[in-house]
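Take a look at the letters that make up each chain.
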Amino acid sequence: MLCKATPPGSCRRGNKQVHSVSRDPDACRHGDDARLVRVRQSRGCKMAASGAVEEMRTRVVLGEFGVRNVHTTDFPGNYCGYDDAWDQSRFEKEFRVDVVHMDESSLEFDMVGIDAAIANAFRRILLAEVPTMAVEKVFVYNNTSIVQDEILAHRLGLIPIRADPRLFEYRNQGDEEGTEIDTLQFQLKVKCTRNPQAAKDSSDPNELYLNHKVYTKHMTWIPLGNQADVFPEGTIRPVHDDILIAQLRPGQELDLLMHCVKGIGKDHAKFSPVATASYRLLPDITLLQPVEGEAAEELSRCFSPGVIQVQDVQGKKVATVANPRLDTFSREIFRHENLKKLVRLARVRDHYIFSVESTGVLPPEVLVSEAIKVLMGKCRRFMDELDSVQMD
């Protein structure tokens with residue numbers, strides 16, 4: 001409703017009279033500029049806050065005196081404007097595994113898009129829950145060496161045996177006699193004698209004695225049942241032939257019979273299929289401003305070789321980040337006052353670099369696939385438990 005009988009610059013709304021602040025065009029323009037500045041400042045603050053939140057969510061930052069953003073915080077409802085509820089389609093889109101290096105004994109791969117709990121569960125399964133075959137019982141018929149029976153049995157148990165554990169069953173508890181489906185049998189029978197062809201003035205044990213060093217190559221596989229038909233000759237043996245078991249002197253001998261069974265590293269470390277299984281987060285190194293001249297050379301020396309590259313740009317030495325993956329994060333940069341504020345050291349929170357080194361029992365890629373099967377089995381059992389609780 002338009003109010004009448006009101007002075008210029010004012011109007012009446014209901015019983016209230018509202019006056020305009022000013023009719024001066026310059027004053028209006030200055031007011032608009034002030035409001036525009038405030039809007040821009042607000043947007044800048046929001047952008048800065050958004051960047052800080054994104055860093056907190058995705059990066060673990062290494063500082064001079066500590067590490068920031070260590071704990072996972074991207075759970076539902078923690079950040080305004082972020083939908084962190086777990087979604088299967090989004091997980092399938094973002095999750096990936098990239099194989100970086102693989103040979104007969106080691107494997108390096110990247111696992112991207114998972115939480116630390118899943119990565120650590122996978123590592124622990126590799127260490128302790130993928131089964132292998134190892135010496136469990138040692139029957140000592142004769143041991144005149146200086147190595148005690150218990151120590152000798154322990155050394156024999158740690159020898160990796162090249163046999164596919166997927167082809168065997170677990171031995172029943174209390175079963176003293178093994179069968180061809182759950183036991184491998186090895187014999188070790190060595191006697192040390194003098195070498196009649198050795199020189200009289202020789203003092204070298206390798207020349208004076210025969211069989212004075214007992215290696216894994218002296219272990220002989222004794223097939224049980226139909227194992228000779230199932231496994232070709234030479235397939236069941238220790239992984240390495242040159243592992244030293246004991247040293248003998250003339251007249252000393254070893255006469256042993258060994259039973260290998262299937263087990264997991266959770267029960268004993270001898271069953272662990274890996275020499276090491278570890279992961280680390282992908283390094284993320286950012287130069288906050290250009291680094292040139294002698295400072296560029298000094299900066300490159302603060303990191304592992306290949307991380308920082310010094311290029312010649314228009315006659316100037318300029319430092320660039322070449323391959324941050326190679327860095328070990330020694331934090332040497334924080335020892336230099338002129339450089340420590342020029343670089344940000346961080347790690348990508350959901351990018352895990354796995355290193356798996358097999359003992360030789362199985363290829364590393366097979367160990368990884370078996371670990372995934374174990375993890376899937378755990379998930380199925382958990383889901384079955386949930387279903388049974390709901391039914392009760």
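The preceding data block contains the structure.
I will try to describe carefully the structure that is included in this document. (Residues numbered from 1 in each chain as written. Predicted model: local features only at pLDDT ≥ 70, side-chain atom pairs only at ≥ 80, totals over all residues. Heavy atoms only, no water.)

Comments concerning helix α7 (residues 294-301)
Logical step 1: Listing the buried residues of α7 in full gives A296, L299 and S300. For α7, the angular spread of the buried residues around the axis is 100°, confining them to a single face. Exposed side chains of α7 directed beyond 90 degrees from the buried face belong to E294 and R301.
Logical step 2: Structurally, α7 contributes buried residues whose contacts are with β17 (274-287), β18 (308-313), β19 (316-321) and β20 (343-358). (Buried < 20%, exposed > 50% of the residue type's maximum accessible area, 1.4 Å probe, protein only. Helix = DSSP H or I, 4+ residues; strand = E, 2+ residues; numbered from the N terminus. Arc of directions from axis to C-beta. Contact = heavy atoms within 4.5 Å.)

So, the layout of surface pockets
Logical step 1: Of the voids in this model, the largest pocket is the one considered here, and its volume is about 1200 Å³.
Logical step 2: Counting only elements with at least two residues in the lining of the largest pocket, the list comes to α1 (25-58), β3 (59-62), α2 (88-94), β5 (96-102), β6 (106-112), α3 (116-128), β20 and α8 (364-391).
Logical step 3: The calculated volume of the second largest pocket comes to roughly 380 Å³.
Logical step 4: Lining the second largest pocket are 15 residues, with E136, R171, N172, Q173 and V261 sitting closest to its centre.
Logical step 5: Taken together, the elements giving at least two residues each to the lining of the second largest pocket come down to β7 (132-143) and β16 (253-263). (1 Å grid on protein atoms, 1.4 Å probe; cavity = no way out; pocket = protein on both sides within 12 Å on 5 of 7 lines; lining within 4 Å. Points joined across faces, edges and corners; volume = space filled by probe spheres on them.)

Observations regarding the sheet that holds strand β13 (residues 219-222)
Logical step 1: Here four strands make up an open sheet; going across it, the order is β7-β16-β9-β13 and the pairing antiparallel. In this open sheet, the two strands that pair with only one neighbour each are β7 and β13. When the angles between neighbouring strand axes are averaged without regard to direction, this sheet yields 25°.
Logical step 2: By the bridge criterion, ten bridges tie β7 to β16 in an arrangement that is antiparallel. Across the sheet, residue V135 finds its bridge partner in β16, namely C260.
Logical step 3: Of the strands in this sheet, β7, β9 (184-191) and β16 are in contact with helix α4 (residues 149-157), which crosses β7 at around 150°. (Pairing = 2+ DSSP bridges. Axes fitted to C-alpha atoms, helices over the stretch in contact; angles between N-to-C directions.)

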